[in-house]
Amino acid sequence: MSSNDDTTRQVPTRAAEIVREYGPFDGAERIHGVTHDGQRVWAATEANVLAFDPDSGQVVRRLDCAAHAGTAFDGTHLYQIAETRIDKIDPATGAVVASIPAPGNGGDSGLTWAEGSLWVGQYRDRKIHQIDPATGAIVRTIESNRFVTGVTWVDGELWHATWDGDDNELRRIDPDNGAVLERLELPHGIGVSGLESDGADLFYCGGGSSGKVRAVRRPKSATR
Amino acid sequence: MDSLIAAAGRALAVGDALGALDRVALRDDPPALALRGIAMAQLGEYPRARELLRRAARGFGAREALAGARCVVAEAEVALAMRDLGGSPRLLAQAAAALEARDDRANAMQARLIAVRRQLLLGRLDEAAVSLAGLDASGLPPSLAAVAELAAAELALRSLRTVVARAAMERALDAAQRARVPALIAEVAEARAALDRSAARTIHAGHEQPLRLDQVEALLASDALVVDACRRGLRAGDRWQSLARRPVLFALLCALAEGWPGDVERGALIARVFRTQHPDETHRARLRVEIGRLRALIAPLAAVEASTRGFELVPRDGRAVVVLMPPIDGDQASLLALLGDGAAWSTSALALALGDSQRTVQRALVELEAAAQVRSIGHARAQRWLAPPLVGFTTILLLPAALPPE
């Protein structure tokens, strides 16, 4: 791990710019996963999943369902990690329409949808799994060298959040070999429990027990 | 935090310890160990809980200092509930500092309160008072505020300041009710009941009268010359002359005080103090010597004057004499009364104070310990004996959330 740390120190690093904070929301002590459906931001709060309008910050929907970690949206359905499974949820009714086993067997943290696959962060095992959303079968696994919480894809870039002690960051990694390409450092003591891009220049970050969701500006990347 | 840890943490938060265990029973990563430890503690499995919390604290390591510190605090609280006071206060202080540095005020306060309660249990009342005075309980969860007030009440009771103690208990009850923790409310109620129970008796001119703690306090603050058979000494206002290490002199003083305002016959004094029914000249000579010693010791507070039959106690400044006795008779009651000052006594000091042999005292202590009326700390020569706290506040657990930051 120390050699990996040496390499990560050489990658571009800057301070994360927090643009806006949402919450804490009524009845939601913690925020785990977050996702974005093109208009609303969805946040997993243990006992339910709520949706809020990022412009007004108002909660516009609340689904009653177990929501212990990452959240994702595939254009039609929400996916939500609960205990050792991933529930596929109809966002209109809150009904669970299917469930698959989570690859980390309960050690799962982040979740995102991209290119027909689900990507699942396995927290303390420092892994990201690409899985088949129909069966839960693992397609491949990317290793990180930090605890993995949120995971998101945007413009072909794979980003994950790490909550590992006091100093936490958003990292862009090479999906082929896990190499760290870019780092956004969060202020000391602020962690990210869930991560989702809005498809443009913002990341939404779950704030764990702070009960907040934070919007962080995505940097203009050298590769774009 | 991962999904099962979140689910188990939520189960614990709503009091479902078994549900929490179900979810993490087979995992050995530090957050799972911490949750298992807390669940075990809630189920009363203290030794197992300590072991799990210790492993969790080690596993978190330097990078996850916050989670590690919370485990140290949880383990210390379980140790306190087990009355195992041998843990390192330094480790707990370090955990408190680490929590403060990371703005986790509630758990830092929890750690400091555990340290205070440990000092109270060890009979280190001065240290406890200093620690307690340094705490700022404002803006904390009501359950912690209740514990802080209970500690203050205990400290006030030990130094017989019942008005202060009662006020602290009222605040503790208010906080406990806001916290809505039934066990905590019950403990405060129990502690308040101690104020209304009979704590001692007076013997005045042959009449016995039971006293509550506040009446004891009022008596000690009065003009009377109090011969205190609970703490073995003589008190007049602020002046206190201990006779704890002079059992013969104290027995003489008690006999004289019980006879006040009259005198007490020589034969009666000899029978009581030297425990013989057949006095001879040597006993009378010894009595004169002991009376001389007693005179010298209590001279600032009272005189002992010879009468034709024997001797009489004559307080200075025309004070009345009152004898304060343990609430019930017997050797064990005397032992408990001595321990009632909250200090840690050695067996030899107790034996000396009571004028009994160490073996007699030891036997009585073993019986009292079996009945949970006294506690001991340390072993062999370093063993010390204490009364149980008046406020039984250490039986409930307010375990911190020993989870990763999220």
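Naming follows an unreviewed UniProt entry, where chain A appears as Glutamine cyclotransferase of Lysobacter capsici AZ78.

S.K.: I tried to follow the overall build of chain A on my own but got confused; where do I start?
M.R.: The number of helices and strands found in chain A is one helix and 21 strands. Since a compact globule built from 224 residues should have a radius of gyration of about 17 Å, the 16 Å found for chain A is in line with a globular shape. Across its three principal axes, chain A shows a C-alpha extent of roughly 50 × 40 × 30 Å. Counted over contacts in chain A with a minimum sequence separation of 6, partners at least 24 positions apart contribute 45%. Summing over all exposed atoms, chain A offers an accessible surface of approximately 8,700 Å²; the carbon and sulfur share of this is 44%. For chain A, the distance from the average position of its 23 positive side-chain charges to the average position of its 33 negative side-chain charges is 2 Å.

S.K.: Looking at this model, I keep getting lost on the packing of aromatic side chains. Mind explaining?
M.R.: For the structure shown, the criterion picks out seven aromatic pairs over all chains. Measuring from ring centre to ring centre gives 4.7 Å for A:Tyr22 and A:Phe52, while their planes differ by 40°; the resulting arrangement is tilted. Note that A:Tyr22 is positioned in strand β2 (residues 18–22) and A:Phe52 in strand β5 (residues 46–52), a separation of 30 residues in sequence. Both residues of the pair, A:Tyr22 and A:Phe52, belong to the buried class. Aromatic ring contacts, followed pair by pair, group A:Tyr22, A:Phe25, A:Phe52 and A:Tyr204 into a single cluster. In this structure, B:Arg266 is placed above the aromatic ring of B:Phe311, and the distance from its NZ or CZ to the ring centre is 5.3 Å.

S.K.: I keep staring at the packing of helix α5 (residues 65–81) of chain B against helix α6 (residues 89–101) of chain B and nothing clicks. Help me out?
M.R.: The angle between the axes and the distance between the axes are what describe a pair of packed helices. Residues and elements named next belong to chain B. The N-to-C vectors of α5 and α6 enclose an angle of 135°; their axes lie 9 Å apart at closest approach. Regarding the angle of α5 to α6, the classification is oblique. For the element pair α5 and α6, the recorded crossing hand is left-handed. Each of Leu66, Ala69, Arg70, Val72, Val73 and Ala76 in α5 lies in contact with α6, whose residues at this interface are Leu91, Leu92, Ala95, Ala98 and Leu99. Among the residues forming the contact of α5 with α6, the class breakdown is 10 nonpolar, no polar and one charged.

S.K.: Where do I start with the pattern of salt bridges in this structure?
M.R.: Where charged atoms from two side chains of opposite charge approach closely, those side chains can pair. Residue and element names in this part refer to chain A. A complete count under the given rule lists 37 salt bridges over all chains for this structure. For Glu21, the salt bridge is made with Lys212, and the minimal N-O distance between the two is 3.1 Å. Placement of the pair is Glu21 in strand β2 and Lys212 in the loop between β20 (202–206) and β21 (213–217), with a sequence separation of 191 residues. You can call Glu21 partly exposed: its relative accessible area is 38%. For the salt bridge of Asp37 with Arg40, the shortest nitrogen-to-oxygen distance reads 3.0 Å. The buried category is assigned to Asp37, whose relative accessible area is 18%. Sharing partners across several salt bridges, the network here consists of Glu169, Arg171, Arg183 and Glu185.

S.K.: What's the story with the sheet that holds β5(A) in this structure? I'm lost.
M.R.: By definition, the strands of a sheet pair up through backbone hydrogen bonds, in either a parallel or an antiparallel sense. Residues and elements named next belong to chain A. If you walk across this open sheet you meet the four strands as β3-β4-β5-β6, and the pairing is antiparallel. A strand with exactly one partner marks an edge of an open sheet, and here the two such strands are β3 (34–36) and β6 (59–67). Neighbouring strand axes in the sheet, compared pairwise and without regard to direction, differ in orientation by 20° on average. As paired elements, strand β4 (residues 41–44) and β5 share four bridges and run antiparallel to each other. Pairing of Ala43 across the sheet is with Leu50, part of β5.

S.K.: Would you mind going over the interface of chain B and chain A with me for this structure?
M.R.: Often, the extent of an interface is quoted as the loss of accessible area on bringing the components together. If you look at the interface, chain B gives 20 residues, while chain A gives 27 residues. Of the roughly 1,900 Å² buried between chain B and chain A on both sides combined, carbon and sulfur atoms contribute 48%. Here chain B and chain A share four salt bridges between them. Across the pair A:Asp164 and B:Arg63 runs a salt bridge, and its minimum N-O distance is 3.3 Å. Inspection of the chain B/chain A interface yields nine residue pairs in polar contact (both at pLDDT 80 or more). Taken together, the elements giving at least two residues each to the side of chain B that touches chain A come down to α1 (3–13) and α3 (30–42) of chain B. Considered class by class, the residues forming the side of chain B that touches chain A number 10 nonpolar, one polar and nine charged.

S.K.: What exactly am I supposed to notice about the sheet that holds strand β8 (residues 310–315) of chain B here?
M.R.: All names here are of chain B. In space, the three strands of this open sheet follow the order β6-β8-β7, with antiparallel pairing throughout. Two strands bound the open sheet, and with one partner strand each, they are β6 (264–265) and β7 (302–306). Summarising the sheet, β7 and β8 pair through five bridges and their orientation is antiparallel. Directly across from Ala303, in β8, lies its bridge partner Val314. This element, helix α13 (residues 247–259), spans β6, β7 and β8 of the sheet and lies at about 80° to β8. Set on the sheet, helix α15 (residues 281–298) makes contact with β7 and β8; between it and β7 the angle comes to about 155°.

About the cut-offs
Counting starts from 1 at the beginning of each chain's written sequence and moves along it residue by residue. In the order they appear in the text, chains get letters beginning with A and ligands get numbers beginning with 1. Reporting in this predicted model follows two pLDDT cut-offs: at least 70 for local features of residues, and 80 or more for side-chain atom pairs to be given and counted; totals over whole chains, interfaces and linings ignore these cut-offs and use all residues. Working from all heavy atoms in the structure, the side-chain values ignore hydrogens and water. Labels follow the DSSP assignment, with helices taken as runs of H or I lasting at least four residues and strands as runs of E lasting at least two, numbered in each case from the N terminus. Here the globule rule is a power law, 2.2 Å times the number of residues to the power 0.38, and the radius of gyration is based on C-alpha atoms. Throughout, a residue-residue contact means that at least one pair of heavy atoms, one from each residue, lies within 4.5 Å. We get accessible surface area from the Shrake-Rupley algorithm with a probe of 1.4 Å; when it comes to residues, only the shown protein chains can shield them. Under the counting rule used here, the positive set is Lys and Arg, the negative set is Asp and Glu, and His together with the chain ends is not counted. Positions of charges follow a simple convention, taking NZ of Lys, CZ of Arg, CG of Asp or CD of Glu. The rule is short: rings of Phe, Tyr and Trp, with Trp giving its six-membered ring, pair when the centres are within 6.5 Å, and they are stacked under 30 degrees, edge-to-face over 60, tilted in between. Burial status follows relative accessibility: with a 1.4 Å probe on protein chains alone, a residue under 20% of its type maximum counts as buried, one over 50% as exposed, and anything between as partly exposed. Should the NZ of a Lys or the CZ of an Arg lie within 6 Å of a ring centre and within 35 degrees of the ring normal, that charge is described as sitting over the ring. Axis lines are fitted to C-alpha atoms, over the contacting stretch for helices. Their N-to-C directions set the angle, which ranges from 0 to 180 degrees. Should an angle fall under 35 degrees it is taken as roughly parallel, and over 145 as roughly antiparallel, whereas 65 to 115 is taken as roughly perpendicular and any remaining angle as oblique. The crossing is said to be left-handed when, going from far helix to near helix, the turn is anticlockwise and less than a right angle, and right-handed when the turn is clockwise. Residue type decides the class: Asp, Glu, Lys and Arg count as charged, Ala, Val, Leu, Ile, Met, Phe, Trp, Tyr, Cys and Pro as nonpolar, and the leftover types, Gly among them, as polar. When a carboxyl oxygen of Asp or Glu is within 4 Å of a side-chain nitrogen of Lys or Arg, the pair counts as a salt bridge. At least two bridges found by DSSP between two strands are what make those strands a pair. Accessible-area loss on putting two parts together, using a 1.4 Å probe and summing over both, is the definition of buried area adopted here. A 3.5 Å cut-off defines polar contacts: any pair of N or O atoms within that distance qualifies, except that in protein one atom must be a possible hydrogen donor and the other a possible acceptor, and neighbouring residues in sequence count only when both atoms are side-chain atoms.

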